[in-house]
Amino acid sequence: MSRPEIRVMTHGDVDFVMRLQEMVGWGNTRADAERSLYYEPSGCFVASVGGVDVGMVNSFLYGDVGFIGNLIVVPETRGSGVGAALMGRAIERLTSEGAATIRLDGVQKAIPLYERLGFKGEYWSLRYSGTAAKAPHHSIEPMTRDDLEKVATLDRRFFGLDRSQKLRRVQHDFPELCFKASKGGVMHGFIMAKPGVSNVRVGPWICDPKHAEYAEPLLNALSSKVVGRRLWVGLPEFNKAAVKIVEGKGFARMPSSLRMCYGACKKVEDVSGIFGVGAPDKG
Ligand SMILES: CC(C)(COP(=O)(O)OP(=O)(O)OC[C@H]1O[C@@H](n2cnc3c(N)ncnc32)[C@H](O)[C@@H]1OP(=O)(O)O)[C@@H](O)C(=O)NCCC(=O)NCCS
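Quick summary incoming for the structure in this document. As the structure is a prediction and not an experimental result, all values here were calculated from the model. (Residues numbered from 1 in each chain as written. Predicted model: local features only at pLDDT ≥ 70, side-chain atom pairs only at ≥ 80, totals over all residues.)

Remarks on the nonpolar core
Counting residues in hydrophobic clusters, the biggest one holds 43 residues, and the most contacted among them are Phe179, Phe190, Ile191, Val202, Leu218 and Leu222. The residues touching Val202, leaving out its near neighbours within four places in the chain, are Ile191, Ala193, Leu222, Leu231, Trp232, Val233 and Gly276. Listed in part, the 36 residues of the second largest apolar core include Val17, Ala33, Tyr62 and Met87. (Core = buried A, V, L, I, M, F, W, Y, C linked by C-beta atoms within 7 Å. Buried ≥ 20, exposed ≤ 12 C-beta atoms within 10 Å, placed from the backbone. Contact = placed C-beta atoms within 7 Å.)

Below, the structure written as structure tokens:
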């Protein structure tokens, strides 16, 4: 096979991206693909072989920490190095723009590939799915644009990086799926979600562990808004309070991903406040 060519993705590639997304069935929508291009116009890539598009990957940069996600190669071309080449391009892009650390959530089958490239396992990122039902959430209010500054400050305390651009965009696009727990002007927690093809993807879901009593009502507020829909949530294995909440609701465990790290793996996040990851590809 000739060497894959890798180019920067553009809006004209979104039809191809959607073909790949339908193939893997992760529930990502056209709006998700467009948002990734909005966040990272030069960080999303397409691979082609002999002029035929065969794969994609996205990279996201937060200061000196990068994330990689949505690595997909068409089944006919797998096993011949296209995945590794796409990863190489994403790593090169992130490191050349200042990333000292790169993280990703790897599905089990892809872990050997990431290990070969130098990634090391950090913790399991658990996946749960369950049906949304009405549940008590008296202390929770809808999040508005005016809350975003406090939301971003709280998010940064636990995620460790500034992802305010993404929080702003998700609140703008899906205000009906964003809620806050705030008392006397102090933000204790928030939850956001995005509609997927056949589900609603929770995240980020952040709550100050000193006020952990708000974590479940935050999920309840969202759940009550989308009754009957399938909810998806990813959470760090070490946040036992989050595990207890979703398992208490009877959510089913799906195959976990391994949070992996490349480079200077300094700890930036505090998982005690991370009840739901933002998204598998963006942290
Ligand atoms: C992961 C994936 C992009 C790799 O693409 P590729 O072009 O085959 O990658 P390479 O040829 O460079 O490397 C092959 C490696 O991919 C991994 N792999 C193989 N089949 C896979 C599968 N169905 N799903 C995930 N990873 C797989 C293995 O580690 C394999 O290494 P091995 O040949 O030593 O077993 C491709 O298998 C794919 O699209 N899988 C479905 C989507 C997915 O799971 N993406 C990863 C999300 S974290």
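Some points on the site of the ligand
Around the ligand sit 17 residues in total, of which Arg78, Gly83, Ala84, Lys109 and Leu113 are the nearest. Of all the secondary-structure elements, those providing two or more residues to the shell around the ligand are strand E4 (65–73), helix H3 (82–96), strand E5 (101–107) and helix H4 (111–116). Looking at the shell around the ligand residue by residue, the classes come out as 10 nonpolar, 5 polar and 2 charged. (Near = placed C-beta within 6 Å. Helix = DSSP H or I, 4+ residues; strand = E, 2+ residues; numbered from the N terminus. Nonpolar A, V, L, I, M, F, W, Y, C, P; charged D, E, K, R; others polar.)

Looking at unusual backbone geometry
Each neighbour pair has its own omega, and for Gly203 with Pro204 the value is -5 degrees, a cis peptide bond. Summarising the element assignment, Pro204 is placed in strand E10 (residues 200–207). With a phi close to 55 degrees, Asn70 is a non-glycine residue in the positive phi region. Relative to the helices and strands, Asn70 is located in strand E4. Classification of Asn70 by C-beta neighbours within 10 Å gives buried; the count is 24.

Digging into helix H6 (residues 164–173)
Residues of H6 that are buried: Lys166, Leu167 and Val170. Around the axis of H6, the buried residues are gathered within 100 degrees of arc, so they sit on the same side. Away from the buried face of H6 by more than 90 degrees, exposed residues Gln165 and His172 are located. The inward-facing, buried residues of H6 abut helix H2 (30–39), helix H5 (148–159) and strand E9 (186–195). (Arc of directions from axis to C-beta.)

Concerning the pairing of E5
Burial of E5 is extensive: 6 of the 7 residues sit out of reach of the surface. Bridge count between E4 and E5: 3 bridges; the pairing is parallel. By the bridge assignment for E5, Gly66 is matched with Ile102. Tracing the backbone out of E4, into H3 and back to the parallel element E5 gives a crossover that is right-handed. Pairing of E5 with strand E12 (residues 252–263) involves 7 bridges; the strand directions are antiparallel. Within E12, the residue paired with Gly106 across the bridge is Leu258. (Pairing = 2+ DSSP bridges. Right-handed = clockwise from strand over helix to strand, strands pointing away.)

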